[in-house]
Amino acid sequence: MKDADYAPIGPNSAAGTPDKHFDTVLYTGTSMVASNDPAASSRRIGGLNFQPDLVLIKNRGTTDGWVLQDSVRGFEYGTKLSPYDSSKENDGTGGSDGDYGFVSGVFDGGFEICPGTSPGQVDKDTSNNFVAFSWKAGNETTINNDGTLQSTVSVNRDAGFSIVSWNGSGTGTQTIGHGLSNTPEFIITKNRDNTYNWACFHKDLGADGYINLDQNNAWTSNAGFFNDLPTSTVFTAGSHSYQNGTDQLIAYCWHSVEGYSKFGNYVGNGDTSGTADTRDGAFIYLGFKPAFFIMKGNEASARWLVFDNKRDPDNPVIADLNLHATDAENTGTENAMDFLSNGIKMKYTSDNNINKSGVTYIYMAIAEMPFKYANAR
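Residues numbered from 1 in each chain as written. Predicted model: local features only at pLDDT ≥ 70, side-chain atom pairs only at ≥ 80, totals over all residues. Heavy atoms only, no water.

## Notes on unusual backbone geometry
Note the threshold: We count a stretch as a helix when DSSP gives it H or I for four or more residues in a row; a strand needs E for two or more, and each element gets its number in order from the N terminus. A simple rule labels every residue: compare its accessible area, found with a 1.4 Å probe on the protein chains alone, to the largest value its type can have, and call it buried under 20%, exposed over 50%, or partly exposed in between.
Of note, the bond from asparagine 315 into proline 316 is cis; its omega dihedral lies within 30 degrees of zero at -5°. Positive phi, normally seen in glycine, also occurs at serine 31, with a value near 60°. Checked against the element boundaries, serine 31 lands in the loop between strand S1 (22-28) and strand S2 (43-45). With a relative accessible area of 46%, serine 31 lands in the partly exposed category.

Printed below as a string of structure tokens:
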């Protein structure tokens, strides 16, 4: 996609390389003093080439849960959401999930963490390793009046990413301005004030239904969620209370950007010929060397799996995390794939999560480097 409102991403572009907009950071726990007060106990995690607006953290070796926070809702105690959990946003009172750790601030180059009073989700002792995925939006917010309901947005048009907050009306179907210059292809929404499931729109599944982020179910037909296809200015919040109750809501919106990101689908071929490392699994052409890959099979029990180039710098890529659960990192070979200079090749195919014959898999991919600048692994 090309648009006058954003520059192509690459080494010779004003927008810079992909790691100016998204990156993965690995770090180890340090046994910080247990506290939910950042002034008493906090730690800076660097290694980014930007100030993040969305941070997603997981303790790789334990069943401690995911942490998701963003700049629109604020990086502080009481604003954590968990993609594996339908729970509402922390209310900041005693006993809140924020006591297990949270992101307490951001800076140009990284973010700050506070361990909470029961550390585990963002810091622990030195035997614990963590992964953090970070996205840059706009580093500031603006008011958007493109929809029937006013929204607050933080937008990175170069990278096709925006964070959108709005207050539901509780009546009928409403539209929400997303701030992007092109139509979103992947939207994740959460009602912040109620224990409702996370609802996702993906361009290859249609708008008259949804797929949950916090569950492993298949796409469900229900026009009360997204109702209509999004446009270059708005997406639709259907009449269902998940999307348009009298509550605060948050959405994360993306569209493909040539050489940087792609949202699409592939169909598994179930190949089991040859040896495990020579099987001819499905190939996904991306047009870039991937740094980050999320996928979900559109059938019950298929997992939301997360892969990246930092936990697995060499092929095959085998370390996966389950986004809709608190599972520790899996380093078995059943979900292995190769990250190539122009896409992804499924390798080991004994597991239905990545290459079951005839199953459609949706995905989100972000580049390490555009194809014309990429080197093979």
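## Focus on the sheet that holds strand S19 (residues 283-285)
Defined as follows: Each pair of strands is called paired provided DSSP finds at least two bridges between the two strands. Helix axes are fitted only over the stretch in contact, all axes being lines through C-alpha atoms; the angle between N-to-C directions runs from 0 to 180 degrees.
Taken together, 3 strands build an open sheet; the order of strands is S19-S24-S23 and the sheet is antiparallel. Each edge of the open sheet carries a strand with a single partner, namely S19 and strand S23 (337-339). For this sheet, the mean inter-axis angle between neighbouring strands, taken without regard to orientation, is 15°. With 3 bridges connecting them, S23 and strand S24 (residues 343-346) associate as antiparallel partners. Paired with methionine 337 across the two strands is methionine 346, which belongs to S24.

## Some details on the sheet that holds strand S7 (residues 129-135)
As summarised here, the arrangement of the 4 strands in space is S1-S7-S3-S4, forming an open sheet in which the pairing is antiparallel. The sheet terminates laterally at S1 and strand S4 (67-70), the two strands that pair on one side only. Ignoring which end each strand starts from, the neighbouring axes of this sheet average 15° apart. When strand S3 (residues 54-59) meets S7, the two strands line up antiparallel, connected through 6 bridges. Directly across from leucine 54, in S7, lies its bridge partner tryptophan 135.

## Notes on the environment of alanine 159
To be explicit about the condition: Any pair of residues with heavy atoms lying within 4.5 Å of one another is described as a contacting pair.
With respect to the helices, strands and loops of the structure, alanine 159 is situated in the loop between strand S9 (151-156) and strand S10 (161-167). Taking the relative accessible area as the measure of exposure, alanine 159 reaches 2% and is therefore buried. In the structure, alanine 159 is positioned 144 residues away from alanine 15 in sequence and 8.5 Å away in space, judged by C-alpha atoms. With sequence-adjacent residues up to four places away left out, alanine 159 is seen in contact with Ile9, His21, His255, Val257, Tyr260 and Ser261.

## Some points on the packing of aromatic side chains
The test is simple: Whether two aromatic rings pair depends on their centres lying within 6.5 Å, for rings of Phe, Tyr and Trp, where Trp uses its six-membered ring; planes under 30 degrees apart make the pair stacked, over 60 edge-to-face, and the rest tilted.
According to the stated counting rule, one finds 19 aromatic pairs in the structure shown. Seen from their ring centres, phenylalanine 186 and tryptophan 254 are 5.8 Å apart, and the 25° between their planes marks the pair as stacked. With phenylalanine 186 in strand S12 (residues 186-191) and tryptophan 254 in strand S17 (residues 248-254), this pair connects stretches of sequence that are 68 residues apart. Looking at phenylalanine 186, the relative accessible area reads 3%, which means it is buried.

## Concerning empty space enclosed by the protein
The line we're drawing: The rule is simple: put a 1 Å grid over the protein atoms alone, call a set of points where a 1.4 Å probe fits but cannot get out a cavity, call an open set with protein on both sides within 12 Å along at least five of seven lines a pocket, and count a residue as lining if it has an atom within 4 Å of a point. Grid points are joined across faces, edges and corners, and a volume is the space filled by probe spheres set on the points. All residues other than Ala, Val, Leu, Ile, Met, Phe, Trp, Tyr, Cys, Pro, Asp, Glu, Lys and Arg, Gly among them, are scored as polar; the first ten of these are nonpolar and the last four charged.
For the coordinates displayed, the defined rule picks out 2 cavities of 30 Å³ or more. Contributing to the lining of the largest cavity are 15 residues, with Leu56, Leu68, Trp135, Ile188 and Trp254 lying nearest its centre. Split into classes, the residues belonging to the lining of the largest cavity amount to 15 nonpolar, no polar and no charged. Each pocket or cavity is described by its volume, and for the second largest cavity that value is around 30 Å³. Around the second largest cavity, the lining residues are Phe186, His202, Ile294, Met295, Lys296, Trp304, Ile362, Tyr363 and Met364. Counting only elements with at least two residues in the lining of the second largest cavity, the list comes to strand S20 (288-297) and strand S25 (360-370). Per-class residue counts for the lining of the second largest cavity are 7 nonpolar, 1 polar and 1 charged.

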